[in-house]
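Breakdown of the fold
What follows is the residue order along each chain.
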Amino acid sequence: MNRIHFDKEGNNGVGTVLSFYYLNSDSIYLYNVLMGTLFLTNSRGMVKERHKLKMSLNLTPDSLFIAPLLFPQTNSPLTKLGDELLISGFFPNEFEGENAVNRPVMTYFDCKNQTIRHSDSYPAIYHKGNWGGGFSYRNPFFTISPQNEIVLSFAADSQVRVHSIKTEDYREFYAGVGGEHKISPAEKDIRMELFTYEKQRRHYIQNLSYGAIHYDRYRDVYYRLAFLPDPEIDVQDEALRKPMEIIVLNNRFEVIGKSRIEDDLYWVNQCFVSPDGFHIQVKSDDDDILCFKTFVYEKNKSTDVFTI
């Protein structure tokens, strides 16, 4: 239907873009993670503003504060609410001294005043032990409720966190798979040199974990991905793909159903909602074609349960 060309170099260069937010034809935000730079462009590919996002808050040396690595993606996209642009991130390493305030994952860039603030450090389960850093357990996901609240999903937490962007006080709701599945750190020792790549992968397949959460405004429900432990998975496999369930929550964040979905080569960080249902990308034989499986939420009238 249309195409917008952006230069990689030069006066209008934006480099390699990780995420974008299309507000209108005159305001398109692009984020380059390697440059740590946010660009405001238009539909003609012209750069109107560029902002190097400096993450230091000038905290005291003994605060142990560590700003997140900003990493917006399809399941945690750049999102603009009011004058602020929401940018998710994660903590890609393990250090002593983690607490409820010093490892934030949400960053707010005030587009008008060009200021930065943070919120939502990791839950208490992360504060002791080694989770391996990286994407398996440190990378969070969020969606926005109809009330413009942030709804956060952490990989190691069966709860979801909900709060307004105007406050750091939050409510928690159980949004797990149930059963006796465990989620525990891989090591008690924080030192990363003791944590091998194979140990990280083995820990992942032996523990429950959670992924993206999406709000479906067409059906007024939330979908949360869960990945079940399976020690039979070969840790030498190139991609570790655990059995997957979709958890369904109503608008009060109550679990109203869950469904195990058939095994496939899912790209679980590439999901979106449309009037047709909940779409998860699957492998395509042609790189120019995006393929998705679509899961349709509906109420089973005969048994009064929910299925996908």
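Scroll up to find the structure this text is about.
Residues numbered from 1 in each chain as written. Predicted model: local features only at pLDDT ≥ 70, side-chain atom pairs only at ≥ 80, totals over all residues. Heavy atoms only, no water.

Thoughts on the packing of aromatic side chains
- On inspection of all chains with the given rule, the structure shows 16 aromatic pairs.
- Residues Phe90 and Phe135 carry aromatic rings whose centres are separated by 4.9 Å and whose planes lie at 40° to one another, so their mutual orientation is tilted. Of this pair, Phe90 sits in strand E7 (residues 84–90) while Phe135 sits in helix H1 (residues 134–138), placing them 45 residues apart in sequence.
- Classification of Phe90 by relative accessible area gives buried; the value is 2%.
- A relative accessible area of 48% means that Phe135 is categorised as partly exposed.
- Geometrically, the ring pair formed by Tyr215 and Tyr222 is tilted, given 4.8 Å between the ring centres and 50° between the ring planes. (Phe/Tyr/Trp six-rings, centres within 6.5 Å; stacked < 30°, edge-to-face > 60°. Helix = DSSP H or I, 4+ residues; strand = E, 2+ residues; numbered from the N terminus. Buried < 20%, exposed > 50% of the residue type's maximum accessible area, 1.4 Å probe, protein only.)

Notes on the pattern of salt bridges
- Taken as a whole and assessed by the stated rule, the structure comprises twelve salt bridges.
- Residue Glu254 pairs with Arg252 through a salt bridge whose shortest N-O separation is 3.0 Å.
- Counted as one network, the salt bridges with shared partners bring together Glu94, Glu98 and Arg138. (Salt bridge = Lys/Arg side-chain N within 4 Å of Asp/Glu carboxyl O.)

Some details on unusual backbone geometry
- Not every positive phi belongs to a glycine, and Asn148 is a case in point at roughly 60°.
- By secondary structure assignment, the location of Asn148 is in the loop between strand E10 (141–144) and strand E11 (149–153).
- A positive phi angle, near 55°, is found at Asp220, a position not held by glycine.
- Judged by its relative accessible area of 30%, Asp220 falls in the partly exposed class.

A word on the sheet that holds strand E13 (residues 171–174)
- Spatially, four strands are ordered E10-E11-E12-E13 in an open sheet, and the strand pairing comes out antiparallel. Two strands in the sheet have a free side with no partner beyond their single neighbour: E10 and E13. Each strand axis lies, on average, 25° off the axis of its neighbour in the sheet, ignoring direction.
- Sheet topology note: the strand E12 (residues 159–164)/E13 ladder contains four bridges and is antiparallel. Residue Val162 lies in a different strand from E13, and its bridge partner there is Arg171. (Pairing = 2+ DSSP bridges. Axes fitted to C-alpha atoms, helices over the stretch in contact; angles between N-to-C directions.)

Some points on a nonpolar patch on the surface
- A grouping of Val17, Phe20 and Tyr22 is seen on the molecular surface, where their side chains present a nonpolar patch of about 300 Å² in accessible area.
- Summarising the element assignment, Phe20 is placed in strand E1 (residues 19–24).
- Overall, Phe20 belongs to the exposed group, its relative accessible area being 54%. (Patch = residues over 30% accessible without salt bridge, like charges linked within 9 Å, V, L, I, M, F, W, Y side chains within 5 Å. Areas by Shrake-Rupley, 256 points an atom, 1.4 Å probe, with all protein chains shown as cover.)

Comments concerning the pairing of strand E16 (residues 244–249)
- With six of six residues buried, E16 lies mostly within the body of the structure.
- Neither face of E16 is open: one carries Met244, Ile246 and Val248, the other Glu245, Ile247 and Leu249, and all of them are buried.
- Taken together, the six bridges between strand E15 (residues 221–227) and E16 define a ladder with antiparallel strand orientation. Counted as the bridge partner of Tyr223 is Val248 from E16.
- Relative to strand E17 (residues 255–261), E16 is paired through six bridges, and the arrangement is antiparallel. Residue pairing in the sheet places Leu249 in a bridge with Val255 of E17.
- Counting the residues between successive antiparallel strands, the hairpin from E16 to E17 contains five residues, one of them, Phe253, with a positive phi of roughly 65°.

Examining helix H2 (residues 197–206)
- Taken together, the buried positions of H2 are Gln200, Arg201, His203, Tyr204 and Ile205.
- Packing partners of the buried residues in H2 comprise H1, strand E14 (209–216) and E15. (Contact = heavy atoms within 4.5 Å.)

Side note on the environment of Val17
- Inspection of the secondary structure puts Val17 in the segment before E1.
- Along the backbone, Val17 and Phe6 are eleven residues apart, and their C-alpha atoms lie at a distance of 9.6 Å.
- Ignoring anything within four residues of it in the chain, the contact list for Val17 reads Leu30 and Tyr31.

Some points on the sheet that holds E1
- The sheet built from four strands is open, its strands ordered E1-E2-E3-E4 with antiparallel pairing. In this open sheet, the two strands that pair with only one neighbour each are E1 and strand E4 (47–52). Going across the sheet, the axis of each strand differs from the next one's by a mean of 15°, ignoring polarity.

So, a negative patch on the surface
- Negative charge collects at one region of the surface, where Asp285, Asp286, Asp287 and Asp288 lie side by side.
- Relative to the elements of secondary structure, Asp286 occurs in the loop between strand E19 (277–282) and strand E20 (291–295). (Lys, Arg positive; Asp, Glu negative; His and termini not counted. Charge placed at Lys NZ, Arg CZ, Asp CG, Glu CD.)

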